[in-house]
Amino acid sequence: MTDLRRYSPAAARNRQPILEVLQAALPERARVLELASGSGEHAVHCATAMPQWVWQPSDPNAEALASIAAWREQMGQANLLEPMRLDATDKESWPAGPFEAIVVINLVHISPWGVSEALMARAGERLVSGGVLYLYGPYRRAGEHTAPSNAAFDADLRRRDPRWGVRDLEEVVAEAERHGLRLERTVEMPANNLSVVLVRD
């Protein structure tokens, strides 16, 4: 039988630091929606570590959904729900919620800006008051890259798709504020990435 599980070296490196930020930001019991779950390794890691979090993974990609489902079947975590197809720009594909947290790892820079606009709008609607929108990835600060490697990564992203690229943190936060979300804190992460914790009023 074919093993449909996918493996991400980046997920293996950053899943524990991400979990630790989430543990500090989220209540012990939480309904969590993860966008762009990819291989599913973050979902499995977090759901295993925090059995009272009910984790809803999602992705628009069929191969990713198959990988998440295969990880879920192998791990047997009751609080890790069946993955769902979700396109951030398609309002009808979003679950109704409400959620205590929406988790978005490595999506904002690998998508058109319209995806971030849609994400902020839906988070403003579907998070409970005090709920957390968690973003992880590289960001520019005050218009400047935080490391030469991020500048090179940004150039590579834009070559692949001119609509992609490392975003200005201030622009992301301003878009979030338009939908009732405020920046609570940023945390320096491995490989010149940031955890960005936004809270719904």
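As the structure is a computational prediction, the values presented were derived from the model and not from experiment.

How each quantity is defined
- Residues numbered from 1 in each chain as written.
- Predicted model: local features only at pLDDT ≥ 70, side-chain atom pairs only at ≥ 80, totals over all residues.
- Heavy atoms only, no water.
- Buried < 20%, exposed > 50% of the residue type's maximum accessible area, 1.4 Å probe, protein only.
- Helix = DSSP H or I, 4+ residues; strand = E, 2+ residues; numbered from the N terminus.
- Pairing = 2+ DSSP bridges.
- Right-handed = clockwise from strand over helix to strand, strands pointing away.
- Axes fitted to C-alpha atoms, helices over the stretch in contact; angles between N-to-C directions.
- Parallel < 35°, antiparallel > 145°, perpendicular 65-115°, else oblique.
- Left-handed = near helix turned anticlockwise from the far one by under 90°.
- Contact = heavy atoms within 4.5 Å.
- Nonpolar A, V, L, I, M, F, W, Y, C, P; charged D, E, K, R; others polar.

Novice: Looking at this model, I keep getting lost on the pairing of strand β4 (residues 99-105). Mind explaining?
Specialist: For a regular strand, the rule is simple: side chains alternate between the two faces of the sheet. For β4, the buried fraction is high: seven of the seven residues fall into the buried class. When strand β1 (residues 30-35) meets β4, the two strands line up parallel, connected through four bridges. The residue of β4 that forms the bridge with glutamate 34 is valine 103. Two elements, β4 and strand β5 (residues 127-137), share six bridges in a ladder whose sense is parallel. Bridged to valine 104 within β5 is leucine 135. As a crossover connection, the stretch from β4 through helix α4 (residues 113-126) into β5 is right-handed.

Novice: What should I look at first to understand the packing of helix α1 (residues 9-25) against helix α2 (residues 41-49) in this one?
Specialist: Describing two packed helices takes the angle between their axes plus the distance from one axis to the other. Where α1 contacts α2, the axes come no closer than 10 Å and their chain directions differ by 45°. Relative to α2, the element α1 is oriented oblique. For α1 against α2, the interelement crossing comes out right-handed. Two secondary-structure elements touch here, α1 through Ala11, Asn14, Arg15, Gln16, Ile18, Leu19 and Leu22 and α2 through Glu41, His42, His45, Cys46 and Ala49. For the contact of α1 with α2, the per-class residue count stands at six nonpolar, four polar and two charged.

Novice: Where do I start with the environment of leucine 19 in this structure?
Specialist: Relative to the helices and strands, leucine 19 resides in helix α1. Each C-alpha atom of the pair leucine 19 and serine 67 lies 20 Å from the other, and the pair is 48 residues apart in sequence. The contacts of leucine 19, once residues within four sequence positions are left out, are His45, Cys46, Ala49, Met50 and Trp53.

Keep in mind that these numbers describe shape and distance, not what the molecule does.
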